[in-house]
Amino acid sequence: MAAVKVSSFSEIENAFNTYVQDIVYCTMITVDKKARPRARVLLPVWETVDGRPVGWLAAYKTPVKAAHLANNPHTTYSYWSPRQNAVFVDSVSHWVDDPETKRYAWDLYVKGSPAGVGYDPRNFWNSGPAHPEYHVLRIDPWRVQVLRGSDLSSRIWTDAAHR
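Since this is a predicted model, take the numbers as computed values, not measurements.

Caption draft 1: Highlighting the packing of aromatic side chains. All chains considered together, the criterion is met by eleven aromatic pairs. With a centroid separation of 5.7 Å and 75 degrees between ring planes, the pair formed by F9 and W157 is classed as edge-to-face. With F9 in the loop between β1 (4-6) and α1 (13-23) and W157 in strand β9 (residues 153-158), the pair connects residues that are 148 residues apart, well separated along the chain. For the ring pair W56 and Y104, a centre distance of 6.0 Å and an interplane angle of 75 degrees mean the geometry is edge-to-face. With W56 in strand β5 (residues 52-59) and Y104 in helix α3 (residues 99-111), the pair connects residues that are 48 residues apart, well separated along the chain.

Structure follows, in structure tokens:
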């Protein structure tokens, strides 16, 4: 079945949130200086801002992840369930260091965004968002695909600047 392109993220937002809420963890893919991919399993939180998806990833700033993103900020986040439902998010990810934004992302994790997706960050950074090892990536998607496993129907939103 051919993928259907949609003009607005709102056309796939419900499916996106439903699948992310069901699957929760995703695979984040970065590439190194030799264009070799690297995958790791993480848990971003998501919101919609001005009709566009925006993700936040609380993470340790490991040397590999930091080097990959410094060289190439393009990332893919991939969700998959045994029912074959999937979400693919092609994006640009960058570190944010200002305390207000780090606190904002922290609060999204605590409340769950979308509902049920998140955790208590104190389990990893016990002194709160000022913990020196607490870092945040902002995820700005330019393409989101949702795939329904029951019939392999696929819908794709692409940011207008990338069409």
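Caption draft 2: Geometry of the environment of Y104. On the basis of relative accessibility, which here comes to 38%, the residue Y104 falls in the partly exposed class. For the pair formed by Y104 and P129, sequence separation is 25 residues and the distance between their alpha carbons is 9.2 Å. A polar side-chain atom of Y104 sits 2.5 Å from a polar atom in the side chain of E47.

Caption draft 3: α1, seen in detail. Considered for burial, the residues of α1 that qualify are A15, F16, Y19, V20 and I23. Seen end-on, α1 carries its buried residues on one side only, within an arc spanning 125 degrees. The inward-facing, buried residues of α1 contact β4 (45-49), β6 (74-80), β7 (86-96), β8 (135-148) and β9.

Rules and cut-offs
- Residues numbered from 1 in each chain as written.
- Predicted model: local features only at pLDDT ≥ 70, side-chain atom pairs only at ≥ 80, totals over all residues.
- Heavy atoms only, no water.
- Phe/Tyr/Trp six-rings, centres within 6.5 Å; stacked < 30°, edge-to-face > 60°.
- Helix = DSSP H or I, 4+ residues; strand = E, 2+ residues; numbered from the N terminus.
- Buried < 20%, exposed > 50% of the residue type's maximum accessible area, 1.4 Å probe, protein only.
- Polar contact = N/O pair within 3.5 Å; in protein donor to acceptor, adjacent residues only side chain to side chain.
- Arc of directions from axis to C-beta.
- Contact = heavy atoms within 4.5 Å.

Geometric values such as these leave the question of function open.
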